[in-house]
Amino acid sequence: MSELSGSAPPARAAAGRRARPEGASCRGARTASARSMRGSARAVGTGSASGRGAAARRERGRNCRPSAAPEPPFPAMGLLSDPVRRRALARLVLRLNAPLCVLSYVAGIAWFLALAFPPLTQRTYMSENAMGSTMVEEQFAGGDRARGLARDFAAQRRKSGALPVAWLERTMRSVGLEVYTQSFSRRLPFPDETHERYMVSGTNVYGILRAPRAASTESLVLTVPCGPDSTNSQAVGLLLALAAHFRGQIYWAKDIIFLVTEQDLLGTEAWLEAYHDVNVTGMQSSPLQGRAGAIQAAVALELSSDVVTSLDVAVEGLNGQLPNLDLLNLFQTFCQKGGLLCTLQGKLQPQDWTSVDRPLQGLQTLLLMVLQQASGRPHGPHGLFLRYRVEALTIRGINSFRQYKYDLVAVGKALEGVFRKLNHLLERLHQSFFFYLLPALSRFVSIGLYMPAAGFLLLVLGLKALELWMQLHEAGVGPEELGGASGPSPPVLPAQSIGLASLVAPLLISQVMGLALYILPVLGQHVATQHFPVAEAEAVVLTLLAIYAAGLALPHSTQRVVSARAPDRGWMALKLVALIYLALQLACITLTNFSLGFLLAATMAPAAALTTPFGPRPLYAALLVLTSPAATLLGSLFLWRELQEAPLSLAEGWQLFLAALAQGVLEHHTYGALLFPFLALGLYPCWLLFWNLLFWK
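Not measured: the values here are computed from a predicted model. (Residues numbered from 1 in each chain as written. Predicted model: local features only at pLDDT ≥ 70, side-chain atom pairs only at ≥ 80, totals over all residues. Heavy atoms only, no water.)

Draft legend 1. Structural detail: the pairing of strand β4 (residues 218-226). With 8 of 9 residues buried, β4 is to be regarded as a mostly interior element. Sheet topology note: the β4/strand β7 (residues 294-302) ladder contains 6 bridges and is parallel. If you follow L222 over to β7, its bridge partner there is V299. Pairing analysis gives 8 bridges linking β4 to strand β5 (residues 255-262), with the strands arranged parallel. Paired with T223 across the bridge in β5 is L259. (Buried < 20%, exposed > 50% of the residue type's maximum accessible area, 1.4 Å probe, protein only. Helix = DSSP H or I, 4+ residues; strand = E, 2+ residues; numbered from the N terminus. Pairing = 2+ DSSP bridges.)

Have a look at this one:
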């Protein structure tokens, strides 16, 4: 026992030394080194502090050399670098892909429908401090003068058969304005049967009220369009009466331009191009002899009678652009101050949002705005001002069978208040929203609240593309690993069997068809009129439909080009490319025109996700045809008229569809609308890829 007790302490000491961490031994070595250095210093009694420090550091370096880090028991591997974990992740994604796609699509539609309800819609408010109050005293009382000028203008127009330029010049000079004219002409790419014009020419008349309190560096515009269909006489009379009233005031700090344009939007576009010294549409016009400052804001006025029951506001501009929300809030505030009834999309705004019926009415107004914005058309002269970064609105006077009616004095006071508040601006309108949706004039939905609806729909395309990518790159994942997914599944082959060369023919032919759809209708209209008894506009529309239908023969043309030894999994690679192509197009267009992107994503995403060469091919073909761009346009026209409570019959809907095709091509070449080139050069070729995929052999 004594031997055991005597040997046990050394054994435990040795085990402790072996188990002692290296840091402890290093600390012990440093302590011993320090003691030895202090002893040496006392023995010698000489040496500097720096010498002692250097010696101590050398001693610590010898005793504390770094040792290799201990190896972990298992190698560290990432989630995607480990083949086992990567295969497990692929099985999970493939198993849950279909439920996630359905859930994402339903969430996107539900989110959009919920935008009109109070949790997502907000009350409008004024962001610009200079326009935060309506404490101005409107003094306009020239209602009788406006009516008299309107009668004189209508009489002069009936007498001359065109815009009475000389009478307008004489009247504007009589109220103290600097008056100038501008002549313009434009040859349309094909006759406009809606307005019955081909060679268009006209004259714009404008007068400038110089600001007495500032230099001519900034200006405001009040414009009245005069077209061949509507004379707009009351609006011209009110414009001249307001010019006479504004001329007698001394508080103006901005120039005010009173503009009367001929030929509707063509005259407005000609004047704007000449004012900004650009030519983007091929308009031929004379240069402007007089200019004011940089245009800060503009208001377009359209009146059909001496009395109105409501004022309807149009905000949708060219290519879906919208004015700053503060300008709309300003006009609504002055309408409320004067007791004027203001509408949006021809609909009265709900007052009580606590009940269910009011948000449903707001949803109807929201859908109308989405359809109007998705068309990309300028719904008034203001839509062309927005291209030049000028905030603008179009105000239309409505005379219906409502009980309360308002004369031109009430409308003039509202416009006077708006211009007086705009006169206070020190900078351009920028603090409020430029991207929004309006379920009512007093409610809005900001971009941060409506973008998730489109994001959920685009997520469907992303999930389906991820599934195809994993199927193409995971050779070990077979149909038995998909969690028992129902439906026919293609055999999973090694990734090396993917032949990208087989994708060149479908991509190339699809883009060629889109290019032909964009170029040939306008270029070939004269050839069509020589060989067929149709007019130019009809030839353009029929050529559009013929090329569009010819794309249905794309699979047969592709099969002649593609080699017979094309890989079996080539359709998966083609669908992956088509999904990415479609998702990128819809994502880009949604950022600038949410309404167009959402409508196309809501219709095309399900068909794009479901289409395969296997399964019920007739059902997939019918789904693709019903969700094609042309079918989406036709369905949108029926929905638009249904929401306006003016439903269409099938024959009326088809005629309206043909007219919409002609107007879309015409507005692209006349004003620069981008809907037609986007559909022809981008979306239609992408849809043809899915059509080719359906008939892949």
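Moving on, there is more to tell.
Draft legend 2. Region of interest: the UniProt feature "transmembrane region" (unreviewed entry) in the protein. As recorded in UniProt, the sites labelled "transmembrane region" (unreviewed entry) are residues 96-117, 433-461, 498-519, 539-555, 576-599, 619-640, 647-666 and 672-695. Summarising residues 433-461: 52% helix, 31% strand, and an end-to-end C-alpha distance of 29 Å. End-to-end, the C-alpha atoms of residues 576-599 are 22 Å apart, and along that stretch the chain is 96% helix and 0% strand. (UniProt positions renumbered as here; feature names shortened; annotations may be inferred.)

Draft legend 3. Representation of helix α14 (residues 504-523) within the structure. In a regular helix each residue adds 1.5 Å, so 20 residues correspond to 28 Å; α14 covers 28 Å between its end C-alpha atoms and thus fits that length. Residues A505, P506, S510, M513, G514, A516, L517, P521 and V522 constitute the buried set of α14. (Expected span 1.5 Å × (residues − 1).)

Draft legend 4. Broad picture of the packing of helix α13 (residues 447-473) against helix α19 (residues 594-610). Running from N to C, α13 and α19 point in directions that differ by 30 degrees, and their axes come no closer than 9 Å. Taken as axis vectors, α13 and α19 run roughly parallel relative to one another. Helix-helix and strand crossings are classified by hand; for α13 and α19 the assignment is left-handed. Where α13 abuts α19, its residues Y450, M451, A453, A454, L457, L458, V460, L461 and K464 lie against F594, F598, A601, A602, A605, A608 and A609. (Axes fitted to C-alpha atoms, helices over the stretch in contact; angles between N-to-C directions. Parallel < 35°, antiparallel > 145°, perpendicular 65-115°, else oblique. Left-handed = near helix turned anticlockwise from the far one by under 90°. Contact = heavy atoms within 4.5 Å.)

Draft legend 5. Just a nonpolar patch on the surface, in detail. A cluster of nonpolar side chains, L515, I519, L520, L523 and L681, forms an exposed patch at the surface whose accessible area comes to about 430 Å². For the nonpolar patch, the element with the highest residue contribution is α14, accounting for 4 residues. When its relative accessible area of 62% is taken as the criterion, L523 is described as exposed. (Patch = residues over 30% accessible without salt bridge, like charges linked within 9 Å, V, L, I, M, F, W, Y side chains within 5 Å. Areas by Shrake-Rupley, 256 points an atom, 1.4 Å probe, with all protein chains shown as cover. Salt bridge = Lys/Arg side-chain N within 4 Å of Asp/Glu carboxyl O.)

Draft legend 6. Here's a closer look at the sheet that holds strand β12 (residues 436-440). Reading across from one edge, β1-β13-β12 is the order of the 3 strands in this open sheet, with antiparallel pairing throughout. Lying at the two open borders of the sheet, with one neighbouring strand each, are β1 (122-123) and β12. The sheet contact formed by β1 and strand β13 (residues 443-446) spans 2 bridges and is antiparallel. Among the inter-strand pairings, Q122 is bridged to a residue of β13, identified as F444.

Draft legend 7. Structural detail: the pairing of strand β2 (residues 178-192). Judged from the 11 bridges that link them, β2 and strand β3 (residues 197-209) form a sheet pairing that is antiparallel. Note on β3: the bridge partner recorded for D192 is R197. Between β2 and β3, which follow one another and run antiparallel, lie 4 residues, and E196 among them has a positive phi close to 55 degrees. Here 2 bridges tie β2 to strand β6 (residues 284-285), and the two strands are oriented antiparallel to one another. Across the sheet, S185 pairs through a bridge with Q284, a residue of β6.

Draft legend 8. Up close: the pattern of salt bridges. Going through the model one piece at a time under the given rule, you end up with 13 salt bridges. The closest approach of N and O atoms between E302 and R396, which form a salt bridge, is 2.9 Å. Of this pair, E302 sits in strand β7 while R396 sits in strand β11 (residues 391-398), and the two are 94 residues apart along the sequence. You can call R396 partly exposed: its relative accessible area is 24%. A salt bridge links R389 to E391; the nearest nitrogen and oxygen atoms lie 2.5 Å apart. On the basis of relative accessibility, which here comes to 37%, the residue R389 falls in the partly exposed class. Through salt bridges with shared partners, one network takes in E178, R210 and D255.

Draft legend 9. Layout of the sheet that holds β3. The 10 strands are arranged β6-β2-β3-β5-β4-β7-β11-β8-β9-β10 in an open sheet whose pairing can be described as mixed. This sheet does not close on itself; its edge strands, each paired only once, are β6 and β10 (347-348).

Draft legend 10. Up close: the nonpolar core. Counting 109 residues, the largest nonpolar core has W271, L461, L582 and F690 as the members making the most contacts within it. When residues in this core are grouped by element, the largest group, 13 residues, is from helix α23 (residues 675-694). Two domains each provide a minimum of three residues to this core, namely domain 1 (139-347 + 377-431) and domain 2 (501-695). Apart from residues lying up to four places away in sequence, L461 is in contact with L579, L582, A583, L586, A605 and A608. Of all hydrophobic cores here, the second largest spans 70 residues; its members include F153, L239, A244 and A414. (Core = buried A, V, L, I, M, F, W, Y, C linked by side-chain atoms within 4.5 Å. Domains from an automatic or database assignment.)

Draft legend 11. Focus on the packing of α19 against α23. Between α19 and α23, whose axes approach to 12 Å, the crossing angle comes to 10 degrees. Here α19 is positioned roughly parallel relative to α23, judged by the angle of their axes. Together, L596, L600, M604 and A608 of α19 and L675, F678, L683, W687 and F690 of α23 make up the contact between the two elements. Looking at the contact of α19 with α23 residue by residue, the classes come out as 9 nonpolar, no polar and no charged. (Nonpolar A, V, L, I, M, F, W, Y, C, P; charged D, E, K, R; others polar.)

Draft legend 12. Structural detail: the packing of aromatic side chains. Scanning all chains against the criterion turns up 22 aromatic pairs. Aromatic ring contacts, followed pair by pair, group F246, Y251, W252, F258 and F419 into a single cluster. One residue, R291, lies across the ring of Y275, its end atom 6.0 Å from the ring centre. The lysine or arginine in question, R420, covers the ring of Y251, its NZ or CZ lying 4.2 Å from the ring centre. (Phe/Tyr/Trp six-rings, centres within 6.5 Å; stacked < 30°, edge-to-face > 60°. Lys NZ or Arg CZ within 6 Å of the ring centre and 35° of its normal.)

Draft legend 13. Representation of the environment of R173 within the structure. Considering the arrangement of structural elements, one finds R173 in helix α6 (residues 165-174). The spacing of R173 and I208 is 35 residues in sequence and 10.0 Å in space, taken between C-alpha atoms.

Draft legend 14. Summary view of the side chain of N97. Along the chain, N97 falls in helix α4 (residues 83-113). For N97, a relative accessible area of 1% puts it in the buried group. Separated by 2.8 Å, the side chain of N97 and the backbone oxygen of L463 make a polar contact. Not counting residues within four places of it along the chain, the set of residues in contact with N97 comprises L463, K464 and E467. (Polar contact = N/O pair within 3.5 Å; in protein donor to acceptor, adjacent residues only side chain to side chain.)

Draft legend 15. Fine view of helix α10 (residues 357-375). Taking 1.5 Å of rise per residue, the 19 residues of α10 would be expected to cover 27 Å, and the 28 Å separating its terminal C-alpha atoms lies within 8% of that figure. Looking only at α10, the buried set comprises P359, G362, L363, T365, L366, L368, M369, V370, L371, Q372, Q373 and A374. Of the residues trailing α10, G376 is marked for its positive phi of about 75 degrees.

Draft legend 16. Up close: a negative patch on the surface. Together, E193, E196, D229 and E538 give the surface a local cluster of negative charge. Residue position: E193 is located in the loop between β2 and β3. The exposure class assigned to E193 is partly exposed, which follows from its relative accessible area of 48%. (Lys, Arg positive; Asp, Glu negative; His and termini not counted. Charge placed at Lys NZ, Arg CZ, Asp CG, Glu CD.)

Draft legend 17. Quick peek at the side chain of R186. Residue position: R186 is located in strand β2. The buried charged residue R186 lacks any salt bridge partner; its closest oppositely charged side chain belongs to E273, at an N-O distance of 7.3 Å. At 2.7 Å, the side chain of R186 and the backbone oxygen of H669 are in polar contact. If sequence neighbours within four positions are ignored, R186 has contacts with Y198, M199, V200, T281, G282, M283, H669 and T670.

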